[in-house]
Amino acid sequence: MSVIGDPAVRRARLVLPDGDTAALASSWGGEFRRWIVRCFRREWLCLPGAVLLALLGDSPLPLLVGALAVPVVGRQLRVAEGRRAKERRADAVIALCGGIAGELRAGRQPGQALLALGRATGALGGAEAAVLAAARFGGDVPAQLRRAAQEPGAGGLAGLAACWLVSVDGGAGLATGLDRLEGALRGEREQREGLRAQLAGAWSTVLVLAMLPVVGLALGSALGAGPLKVLLHTPAGAGCLLVGGLLEAAGLCWAGRIVRAGARP
């Protein structure tokens with residue numbers, strides 16, 4: 001049944017304007033999409049590959065390995081998503097600093113500029129309500145900004161709090177301090193991006209090394225050697241599979257640790 005044909009939506013159409021009804025239907029569609037994303041996560045793609053290997057090798061062992069790989073892959077995907085969210089938050093803080101500086105030069109007061117841009121940029125995160133309330137009603141804005149800076153990727157808000165405090169207590173120009181803070185934050189971001197570009201080749205090497213056993217199995221199958229039959233149905237093959245899997249995991253962990261150590265600022 002479609003969203004528009006839902007009885008609740010029809011009742012809402014009688015009491016809400018057309019725009020509100022459209023917004024309600026859109027919000028329900030967004031909730032449905034989020035439910036789909038929650039139910040079909042990318043880590044579940046390990047299972048179809050495990051099923052294929054189980055059919056090709058005529059063994060339930062790939063199914064067990066695929067089921068064990070789901071939480072591990074899911075954890076890695078969540079870590080990567082958290083890293084991307086942290087970087088997006090850092091970019092939003094840079095945009096907030098630059099936007100407030102521009103608003104101040106246009107003649108707005110600091111509190112008005114923060115109210116205008118705090119919600120639009122999304123840089124304040126979970127502390128948005130507290131920070132905007134302090135700016136609107138004359139509260140302790142620097143303290144709220146320092147509290148917001150404790151969230152991942154929002155460390156630049158501590159610099160904004162310091163500039164705000166200095167401008168209020170010492171009468172220094174807030175726009176000038178924010179320009180310098182924005183430049184420093186942009187410099188850090190460019191440094192991270194340059195380092196990531198330099199390490200892209202190393203990560204490619206790690207990926208190639210990880211795929212070599214898969215390529216070897218594919219070549220053996222193409223030549224008719226039946227490597228899956230040997231690995232999954234003979235004691236010697238099972239021992240080779242266990243030792244090879246442990247060595248592969250240790251090598252990937254070691255190589256990844258080396259590359260991540262080089263990526264640290």
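Enquirer: Describe the overall build of the chain, listing the residues and the values that go with them.
Expert: The secondary structure content of the chain amounts to eleven helices and zero strands. Along its sequence from the N terminus, the chain presents helices and strands in the succession α-α-α-α-α-α-α-α-α-α-α. Burial status across the chain gives 28% buried among its 265 residues. The contacts of the chain with a sequence gap of at least 6 include a subset with a gap of at least 24, amounting to 52%. For the chain, the computed accessible surface area is about 16800 Å², with 65% contributed by carbon and sulfur atoms.

Enquirer: Which residues make up a nonpolar patch on the surface, and what are the values?
Expert: On the surface, L61, L64, V65, L68 and L241 cluster together into a nonpolar patch covering about 430 Å² of accessible area. Top element by residues in the nonpolar patch is helix α4 (residues 61-105). It accounts for four residues. Mapped onto the elements, L68 comes out in helix α4. Given the relative accessible area of 56%, L68 is considered exposed.

Enquirer: Outline the packing of α4 against helix α5 (residues 110-121), supporting the account with residue identities and numerical values.
Expert: As a packed pair, α4 and α5 sit with axes 9 Å apart at the nearest point and diverge in direction by 145°. In this structure, the crossing between α4 and α5 has a hand that is right-handed. On α5, the residues that touch A92, A95, L96, G99, I100, E103 and L104 of α4 are P110, A113, L114, L117, G118 and T121. Looking at side-chain class alone, the contact of α4 with α5 contains nine nonpolar, three polar and one charged residues.

Enquirer: Residues and numbers for the nonpolar core, please.
Expert: Counting residues in hydrophobic clusters, the biggest one holds 33 residues, and the most contacted among them are L96, I100, L114, L145, L157, L160 and L178. Contributing elements (two or more residues each) for this core: α4, α5, α6 (128-137), α7 (141-148), α8 (156-170) and α9 (174-222). Ranked by residue count, the leading element in this core is α4, at eight residues. Residues contacting L145, with those up to four places away along its chain left out, are L124, V131, L157, L160 and A161.

How each quantity is defined
Once a new chain begins, its residue numbering starts again from 1 and follows that chain's sequence as written. With pLDDT at 70 or above as the cut-off, local features in this predicted model cover only qualifying residues; side-chain atom pairs require 80 or more to be listed or tallied, and sums for whole chains, interfaces and linings still use all residues. Here the side-chain values reflect all heavy atoms present in the structure, with hydrogen atoms and water set aside. Every helix listed is a DSSP run of H or I at least four residues long, and every strand listed is a run of E at least two residues long, numbered separately from the N terminus. Burial here depends on accessible area, computed with a 1.4 Å probe over protein chains only, as a share of the maximum for the residue type. Under 20% is buried, over 50% is exposed, and the range in between is partly exposed. Any two residues whose heavy atoms approach within 4.5 Å are treated as being in contact. Note on areas: these come from Shrake-Rupley sampling with a 1.4 Å probe, and a residue is covered only by the protein chains present in the view. Patch membership requires over 30% relative accessible area and the absence of a salt bridge. Like charges are linked within 9 Å, and nonpolar side chains (Val, Leu, Ile, Met, Phe, Trp, Tyr) within 5 Å. For salt bridges, the criterion is a side-chain nitrogen of Lys or Arg within 4 Å of an Asp or Glu carboxyl oxygen. To obtain an axis, a line is fitted to C-alpha atoms, over the contacting stretch when the element is a helix, and the angle between two such axes runs from 0 to 180 degrees between their N-to-C directions. When the near helix sits turned anticlockwise from the far one by under a right angle, the crossing is termed left-handed; a clockwise turn instead gives a right-handed crossing. By the convention adopted, Pro, Cys, Tyr, Trp, Phe, Met, Ile, Leu, Val and Ala count as nonpolar, Lys, Arg, Asp and Glu as charged, and the other residues, Gly among them, as polar. What makes a nonpolar core is a set of buried Ala, Val, Leu, Ile, Met, Phe, Trp, Tyr and Cys residues whose side-chain atoms join them at distances within 4.5 Å.

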